[in-house]
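Letter by letter, the chains look like this.
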Amino acid sequence: PMKSQIPFALGGISHFSTTTQSSPLRVRNLIGGEFVDSQASSTIDVINPATQEVVSQVPLTTNEEFKAAVSAAKQAFPSWRNTPITSRQRIMFKLQELIRRDMDKLAMNITTEQGKTLKDAHGDVFRGLEVVEHACGMASLQMGEFVSNVSNGIDTYSIREPLGVCAGICPFNFPAMIPLWMFPMAVTCGNTFILKPSEKDPGASMILAELAMEAGLPSGVLNIVHGSNDTVNNICDHGDIKAISFVGSNTAGMHIYARAAAKGKRVQSNMGAKNHAIVMPDASTDATLNALVAAGFGAAGQRCMALSTVVFVGDSKPWLEGLVERANSLKVNAGSEPDADLGPVISRQAKERICRLIQTGVANGATLVLDGRNVVVPGYENGNFVGPTILSNVTSNMECYEEEIFGPVLLCMQADSLEEAIDIVNKNKYGNGASIFTTSGVAARKFQNDIEAGQVGINVPIPVPLPFFSFTGSKASFAGDLNFYGKAGMQFYTQIKTVTQQWKDLPSQGVSLAMPTSQ
Ligand code: NAD
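Nothing here was measured: the structure is a model prediction, and the numbers come from that model. (Residues numbered from 1 in each chain as written. Predicted model: local features only at pLDDT ≥ 70, side-chain atom pairs only at ≥ 80, totals over all residues. Heavy atoms only, no water.)

## Comments concerning the overall build of the chain
As a reminder, the rule being used: Helix and strand definitions here come from DSSP, where helices need a minimum of 4 consecutive H or I residues and strands a minimum of 2 consecutive E residues; each element is numbered from the N-terminal end. Radius of gyration: over C-alpha atoms. The globule rule applied is 2.2 Å multiplied by the number of residues raised to the 0.38 power. Per-residue accessibility, obtained with a 1.4 Å probe over protein chains only, is compared with the maximum for each type, and a residue is labelled buried under 20%, exposed over 50%, and partly exposed between these values.
Counting its regular elements, the chain contains 16 helices and 23 strands. Taken against the 2.2 N^0.38 rule, which gives 24 Å for 519 residues, the C-alpha radius of gyration of the chain at 25 Å falls within 12% of a compact globule. If one aligns the C-alpha atoms of the chain with their principal axes, the spans along those axes are about 85 × 65 × 40 Å. Counting the 519 residues in the chain, one finds 58% classified as buried.

Okay, here's the thing in structure tokens:
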């Protein structure tokens, strides 16, 4: 009977409290294989950004509940680490099948809580699914090294072993993909995991956790605790947590990096961005304009690989006309509407911040060639909508350029040469990604060599690598030295044990206290 009261978009039943049927549904924690109600007195509302409706409430997990989750993860570790890698992989095989089965349900939940269009929400799930597929091959990825006969009758080999309890802290902008960057890799390596979803859109994590359990992940291997700063600080401080994966803003990321490092933990921290595209005069017009518009305004600019700045080499005027024309034809609407190209931004505060930064651009002398601030979406008048916005004549000392806007705002700059354009990009503190659009191989090769960004696009705007590579942001966009997923992701979640063995009958040499050498 309860099931019918729960909107389909919210997923299954077990991760919601059953005691608050009249008020908004309260999201449960997952501790030791059970979805449990938090006793917390404070909650945060999860708000549909297209309507302001309260979708559910997230508890600020108590310290005792948090400790119980870590303790469950610690308890589950010994037997999980000794479960054959093939069995762990098989659970991932099953998980990828279940994610495909429930793709629509996941996407619907993302659109409801995060706001992006349904089509884009499918992409969010799919890019995460690819990491699950990647984790299915963990055994090959983990193969160690072996050198036979390093000395007389002695072999040395290395083994990759899991760390223990690992934790993941997620941002709001990819509610499925980013949790899936983390726990599938971590648990397939043999770790147990504590996931802290974004308090703004926890639903996809909850559905994924249900699917992971259905796929056969044993109790305690994946745990979920909700909350915000206090929960995050608890994760940084707890002595039984060995590693933290973080994706989000620089303020939170650098705080976590420092606080967790002080406790001896390893941290991989993917942070903010200001991704540039350089457009050369010889770039092919149509393909380039389409790419700029898609990468600038897709997901309402709330992607870590969104394009936020274009540097035109030479005269930008003809390009601007084409950009405005295309951006103008985009449909701003609730993500659940079939014709929507871009949905709302995540919150009222985010909208206010974006609008304020646009205004600083105008005040500092940039030209507002397209203003999306007053967009009205019929039927969704309360939504946090910002339409595509383009500022030209932007210079690098402007606040709108220095700050990450994280909204559907494209800044346009001009440079006289490729060298000058590269110099602009390299002076920016962020280094997630940068692209060049050109038909010249010489320009492209120079760009690839000279550009200081971790992910480089040549005639492609959003170079988010597939999971057999890694997500390699650099400069202020990343802290740590082992990136997410790919070989580096596996290395992050494992430590190396080196074994030296001797299996040979040797005549006794007597006791020697000299340093052993390989002769
Ligand atoms: P956010 O930093 O506000 O939140 C991320 C997580 O950190 C949340 O779980 C939140 O509860 C926690 N948190 C926030 N402030 C904290 C604090 N002061 N102390 C402790 N914990 C804190 O980020 P967001 O707004 O959810 O996400 C947007 C940001 O994420 C943007 O800067 C974007 O560029 C970045 N991002 C980066 C990547 C990447 O791969 N580089 C990917 C996605 C998003």
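## Focus on the UniProt feature "domain: Aldehyde dehydrogenase" (unreviewed entry) in the chain
Our working rule: UniProt positions are given in the numbering used here, feature names are shortened, and annotations may be inferred rather than shown by experiment.
UniProt tags residues 35–499 as "domain: Aldehyde dehydrogenase" (unreviewed entry). The span residues 35–499 is 40% helix and 22% strand, and its two end C-alpha atoms sit 41 Å from each other.

## Structural notes on helix α1 (residues 63–81)
Put simply, the test is: To estimate how far a helix should extend, the number of its residues minus one is multiplied by 1.5 Å.
Look at α1: 27 Å from first C-alpha to last across 19 residues, which is about the 27 Å you get at 1.5 Å a residue. Every buried residue of α1 is listed here: E65, F66, A69, V70, A72, A73, A76, F77 and W80.

## Overview of the environment of D282
Under the convention used in this document: Here, two residues are considered to be in contact whenever any of their heavy atoms come within 4.5 Å of each other.
On the secondary structure map, D282 appears in the loop between β13 (275–279) and α10 (285–297). When its relative accessible area of 33% is taken as the criterion, D282 is described as partly exposed. The contact partners of D282, leaving out residues within four places of it in the chain, are T438, T439 and S440.

## Brief notes about the nonpolar core
Heads up, the rule is: For this analysis, a nonpolar core means a set of buried residues of the types Ala, Val, Leu, Ile, Met, Phe, Trp, Tyr and Cys, connected via side-chain atoms within 4.5 Å.
Counting 69 residues, the largest nonpolar core has L95, I99, W181, M182, M185, F193 and Y493 as its most contacted members. Ranked by residues supplied to this core, first place goes to helix α6 (residues 177–188) with 9 residues. Judged by nonpolar contacts, the second largest core, of 42 residues, contains M280, A334, V377 and M398.

## As for the packing of helix α4 (residues 118–135) against α6
Using the following cut-off: Helix axes are fitted only over the stretch in contact, all axes being lines through C-alpha atoms; the angle between N-to-C directions runs from 0 to 180 degrees. Reported orientations rely on four angle classes, namely roughly parallel under 35 degrees, roughly antiparallel over 145, roughly perpendicular from 65 to 115, and oblique for the rest. Each residue receives one of three labels: charged for Asp, Glu, Lys and Arg, nonpolar for Ala, Val, Leu, Ile, Met, Phe, Trp, Tyr, Cys and Pro, and polar for the others, Gly being one of them.
Here α4 crosses α6 at 10°, and the two axes come no closer than 8 Å. When the axes of α4 and α6 are compared, the pair comes out roughly parallel. Packed against α4, whose contacting residues are D124, V125, R127, G128, L129, V131, V132, H134 and A135, the element α6 presents M177, L180, W181, P184, M185 and T188 at the interface. Partitioned by chemical class, the residues of the contact of α4 with α6 number 10 nonpolar, 3 polar and 2 charged.

## A word on the site of the ligand
What counts here: It suffices for a single heavy atom of a residue to lie within 4 Å of a molecule or strand for the residue to be listed as near it. The term polar contact refers here to a pair of N or O atoms within 3.5 Å; inside protein, the definition further demands a hydrogen-donor-capable atom paired with an acceptor-capable atom, and it admits residues adjacent in sequence only when both atoms are side-chain atoms. Here, Shrake-Rupley sampling with a 1.4 Å probe gives the accessible areas, and only protein chains in the shown set may cover a residue.
Among the 27 residues in the neighbourhood of the ligand, the closest are listed as C170, E199, S249, M271 and E404. At a separation of 2.9 Å, an oxygen atom of the ligand approaches a polar side-chain atom of K196. For the ligand, a nitrogen atom lies 3.3 Å from a polar atom in the side chain of N432. The fraction of the free accessible surface of the ligand (840 Å²) that becomes covered by protein chains is 88%. Those elements that provide at least two residues to the shell around the ligand are α6, α8 (229–237), β11 (241–247) and α9 (250–261). Tallied by class, the residues present in the shell around the ligand amount to 15 nonpolar, 9 polar and 3 charged.

## Description of the pattern of salt bridges
Note the following rule: Any carboxyl oxygen of Asp or Glu within 4 Å of a side-chain nitrogen of Lys or Arg constitutes a salt bridge here.
Tallied over the full model, the rule gives 21 salt bridges. Across the pair E403 and R353 runs a salt bridge, and its minimum N-O distance is 3.6 Å. Separated by 50 residues along the polypeptide, E403 in the loop between α13 (399–402) and β17 (409–415) and R353 in helix α12 (residues 348–363) bring together distant segments of the chain. Of the residues examined, E403 reaches a relative accessible area of 33% and is grouped as partly exposed.

## Section: the sheet that holds strand β14 (residues 307–313)
Put simply, the rule reads: In this analysis, strands are considered paired if DSSP registers two or more bridges between them.
Strand order in the open sheet formed by 7 strands is β15-β16-β17-β14-β13-β19-β20, and the pairing between neighbours is mixed. Every interior strand has two partners, whereas the edge strands, β15 (367–370) and β20 (455–458), have only one. Across this sheet, the average inter-strand angle for adjacent strands is 20°, counted without regard to direction. Taken strand by strand, α10 contacts β13, β14, β16 (389–392), β17 and β19 (433–437), and its axis lies near 150° from that of β14. Helix α14 (residues 418–427) rests against β13, β14, β17 and β19 of the sheet, and its axis sits at about 135° to β17.

## Describing the side chain of N333
For N333, the location among the structural elements is in the loop between α11 (317–328) and α12. On the basis of relative accessible area, N333 is assigned to the buried category, the value being 9%. Reaching out from N333, the side chain makes a polar contact with the side chain of D339 at a distance of 3.1 Å. When sequence neighbours within four positions are dropped, the list of residues in contact with N333 reads D339, A340, L342, G343, P344, V377, Y380 and F385.

## Structural notes on the sheet that holds strand β6 (residues 146–151)
Pairing is antiparallel across the open sheet formed by 3 strands, whose spatial order is β6-β7-β23. Each of the sheet's edge strands pairs with one partner strand only, and the pair in question is β6 and β23 (494–502). Shown here is a sheet whose adjacent strand axes are inclined to one another by a mean of 30°, direction ignored. As defined by bridge partners, strand β7 (residues 154–162) adjoins β23 across 9 bridges and the pair is classed as antiparallel. Looking at β23, one finds that S158 is bridged to T498.

## A word on the confidence of the model for the chain
This is how it is decided: The predictor rates its confidence in each residue with pLDDT, a number between 0 and 100.
Confidence along the chain averages 95 in pLDDT terms, with 96% of residues attaining 70 or more. Ignoring residues within four places in sequence, the model shows residues 1–12, a span with pLDDT below 50, making 26 contacts including any to other chains. Across the interface, the model reports ipTM at 0.99; the global pTM reads 0.95.

## Overview of the state of the cysteines
Applicable threshold: Cysteine sulfur pairs qualify as disulfides if the two atoms are within 2.5 Å.
Evaluation of the coordinates by the stated rule reveals 0 disulfides. Take C189: it sits in no disulfide, and the sulfur closest to it among the cysteines is that of C166, at 8.5 Å. Taking the relative accessible area as the measure of exposure, C189 reaches 1% and is therefore buried.

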